[in-house]
Amino acid sequence: MTNDIGAMLRERLRLAAPVSVAFEHGDVDTFDGFTRERIEYRGLEGDIIPAFLFMPTAQRARGGVVVFHQHNGEFHFGKSEIAGDVGSPFQAFGPALARRGLAVLAPDALTFEDRRGNVHGVEPHYYDWLQHYSAMSYRLLDGDTLMRKGLDDAQRALSVLIDAAGLDARRVGIAGHSYGGYTALYHAAVDPRCRFACISGAVCSFDTRRREETGITLFEAVPGLAQLIDTHDVLAAIGPRPTLVVSGTEDKYSRDADQVVARAAGDFITALRVERGHALEQERFDAIVEWLVQRVSG
């Protein structure tokens, strides 16, 4: 059944199979314990996808992870928040993981940071929200979805990570919080190359979100999706690959994460649930880093 969910999603979205992706090297900055390189590669539509590649300097990378950034209404923040340059310090997974021996790729999602049309960098622009809305609505007009584009981008990011960092493909995974968590959830379900997945602040049933009038990400605006699956189905499709689900009892985007995990019914899931809200704090940040490090240390 779980494999059927991944196959069904691929067919429903018309999502192409993962491919090898050429990339271009850019500027490299050296920090304490790691380097950060800007790289660029092309998306399915010929669009340029900028990303930061973090590499440890004290040792060869034991494995790697693609980290998808959050939304938080801050379209001017993307890879630079994972780098710790802007935004929340508890989103700075790039330096933290690289110092622990992992290679990390942090790409900008479509309509974020350097993928905002003619507006680049980390300063906000009045029409940032409209670009994100249009990225969904124009695709719907064409019978397409933002999810297909987002997941194709995600697959390309994993391909680039493996090749750019020279990694053993058996030691790579994905992680994300909030918007990045939704990306990680669906990406892991459809792409078996994700050998492990960390999903934070993004596990909640459709029924609960509908009942409590919680906003649905535009990424999930796929006509008829809720008639085919619910969140526990997508989560179950990741098994038996190790999966960390991080949630807060006061987080509307994780309101019933404990129930969703129970319905997914698999010992492949490690659940960390705290009595806090949506934004990460030191406890959850440290736990995510430690769990990811352990996945590539065996």
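Residues numbered from 1 in each chain as written. Predicted model: local features only at pLDDT ≥ 70, side-chain atom pairs only at ≥ 80, totals over all residues. Heavy atoms only, no water.

Under an unreviewed UniProt entry, the protein chain has the name S9 family peptidase and belongs to Luteimonas fraxinea.

**Student:** An account of the environment of A164 is requested, with residue identities and associated values reported.
**Tutor:** Turning to its location among the elements, A164 is positioned in helix α5 (residues 146–165). In the structure, A164 is positioned 111 residues away from L53 in sequence and 8.3 Å away in space, judged by C-alpha atoms. For A164, the contacting residues outside a window of four places in its chain are F23 and L53. (Helix = DSSP H or I, 4+ residues; strand = E, 2+ residues; numbered from the N terminus. Contact = heavy atoms within 4.5 Å.)

**Student:** Describe the nonpolar core, and please don't skip the residues or the numbers.
**Tutor:** Ranked by size, the top nonpolar core spans 64 residues in total, and within it L105, L161, I174, Y186 and L235 carry the most contacts. The contacts of Y186, once residues within four sequence positions are left out, are L9, M147, L151, F206, F219, E220, L225, I229 and V234. In this structure, V104, L244, F285 and V289 belong to the second largest nonpolar core, which totals 26 residues. (Core = buried A, V, L, I, M, F, W, Y, C linked by side-chain atoms within 4.5 Å. Buried < 20%, exposed > 50% of the residue type's maximum accessible area, 1.4 Å probe, protein only.)

**Student:** Mind laying out the UniProt feature "domain: Peptidase S9 prolyl oligopeptidase catalytic" (unreviewed entry) in the protein chain, listing which residues take part and the relevant values?
**Tutor:** Within this numbering scheme, the UniProt entry marks residues 149–214 as carrying the feature "domain: Peptidase S9 prolyl oligopeptidase catalytic" (unreviewed entry). For the annotated span residues 149–214, helix accounts for 53% and strand for 15% of the residues, and the straight-line distance between the end C-alpha atoms is 23 Å. (UniProt positions renumbered as here; feature names shortened; annotations may be inferred.)

**Student:** Describe in detail unusual backbone geometry, supporting the description with residues and values.
**Tutor:** Cis peptide bonds are those with omega within 30 degrees of zero, and the linkage from G239 to P240 qualifies with 5 degrees. Position of P240 among the secondary structure elements: in the loop between α9 (231–236) and β8 (243–248). Not every positive phi belongs to a glycine, and E113 is a case in point at roughly 45 degrees. For E113, the position within the fold is in the loop between β5 (102–107) and α4 (128–141). Since its relative accessible area comes to 2%, E113 is described here as buried. With phi around 60 degrees, S178 is a residue other than glycine that occupies positive phi space.

**Student:** Before we move on, can you summarise the pairing of strand β7 (residues 197–200) with the specific residues and values?
**Tutor:** As a general feature of sheets, a regular strand has side chains that alternate between the two faces. Burial along β7 is two-sided: A197 and I199 facing one way and C198 and S200 facing the other are all buried. Across four bridges, the pairing between strand β6 (residues 172–177) and β7 is parallel. Residue pairing in the sheet places G176 in a bridge with I199 of β7. With helix α6 (residues 179–190) bridging β6 and the parallel β7, this β-α-β connection has right-handed handedness. (Pairing = 2+ DSSP bridges. Right-handed = clockwise from strand over helix to strand, strands pointing away.)

**Student:** Account for the packing of aromatic side chains, naming residues and giving values.
**Tutor:** Throughout the structure, instances matching the rule amount to eleven aromatic pairs. On the numbers, 5.0 Å between centres and 40 degrees between planes, the contact of F75 with F112 is tilted. In this pair, F75 is assigned in the loop between β4 (63–68) and α2 (79–82) and F112 in the loop between β5 and α4, connecting sequence segments 37 residues apart. For F112, a relative accessible area of 0% gives the class buried. Counting every residue linked through ring pairs, the aromatic cluster contains F75, F112, Y179, Y186 and F219. Geometry around F52 places R36 over its ring, the cationic atom sitting 4.4 Å from the centre. (Phe/Tyr/Trp six-rings, centres within 6.5 Å; stacked < 30°, edge-to-face > 60°. Lys NZ or Arg CZ within 6 Å of the ring centre and 35° of its normal.)

**Student:** With reference to specific residues and values, describe the pattern of salt bridges.
**Tutor:** Taken as a whole, this structure holds 24 salt bridges when the rule is applied. For R38, the salt bridge is made with E40, and the minimal N-O distance between the two is 3.3 Å. Taking the relative accessible area as the measure of exposure, R38 reaches 28% and is therefore partly exposed. We note a salt bridge from D114 to R38, for which the minimum N-O separation is 2.9 Å. (Salt bridge = Lys/Arg side-chain N within 4 Å of Asp/Glu carboxyl O.)

**Student:** Summarise the sheet that holds β7; cite the residues concerned and give the values.
**Tutor:** Spatially, the nine strands line up as an open sheet ordered β1-β2-β3-β5-β4-β6-β7-β8-β9, and their pairing is mixed. In this open sheet, the two strands that pair with only one neighbour each are β1 (23–31) and β9 (269–274). The mean inter-strand angle of the sheet, taken between neighbouring strand axes irrespective of direction, is 20 degrees. Along the sheet, helix α10 (residues 257–264) makes contact with β8 and β9, crossing β9 at roughly 165 degrees. (Axes fitted to C-alpha atoms, helices over the stretch in contact; angles between N-to-C directions.)

**Student:** Report on α6, specifying residues and quantitative values.
**Tutor:** The end-to-end C-alpha distance of α6 is 17 Å, a good match for the 16 Å that twelve residues give at a rise of 1.5 Å each. Within α6, twelve of the twelve residues are buried, which leaves it mostly tucked inside the rest of the structure. Considered for burial, the residues of α6 that qualify are Y179, G180, G181, Y182, T183, A184, L185, Y186, H187, A188, A189 and V190. (Expected span 1.5 Å × (residues − 1).)

**Student:** Could you give an account of a nonpolar patch on the surface, with specific residues and numbers?
**Tutor:** On the surface, Y126, Y127, W129, L130 and Y133 cluster together to form a nonpolar patch covering roughly 580 Å² of accessible area. Mapped onto the secondary structure, W129 falls in helix α4. Judged by relative accessible area, which is 47%, W129 ranks as partly exposed. (Patch = residues over 30% accessible without salt bridge, like charges linked within 9 Å, V, L, I, M, F, W, Y side chains within 5 Å. Areas by Shrake-Rupley, 256 points an atom, 1.4 Å probe, with all protein chains shown as cover.)

**Student:** Describe the environment of G121, and please don't skip the residues or the numbers.
**Tutor:** Looking at the element boundaries, G121 is found in the loop between β5 and α4. The class for G121 is partly exposed, based on a relative accessible area of 25%. The contacts of G121, once residues within four sequence positions are left out, are H76, E113, D114 and R116.

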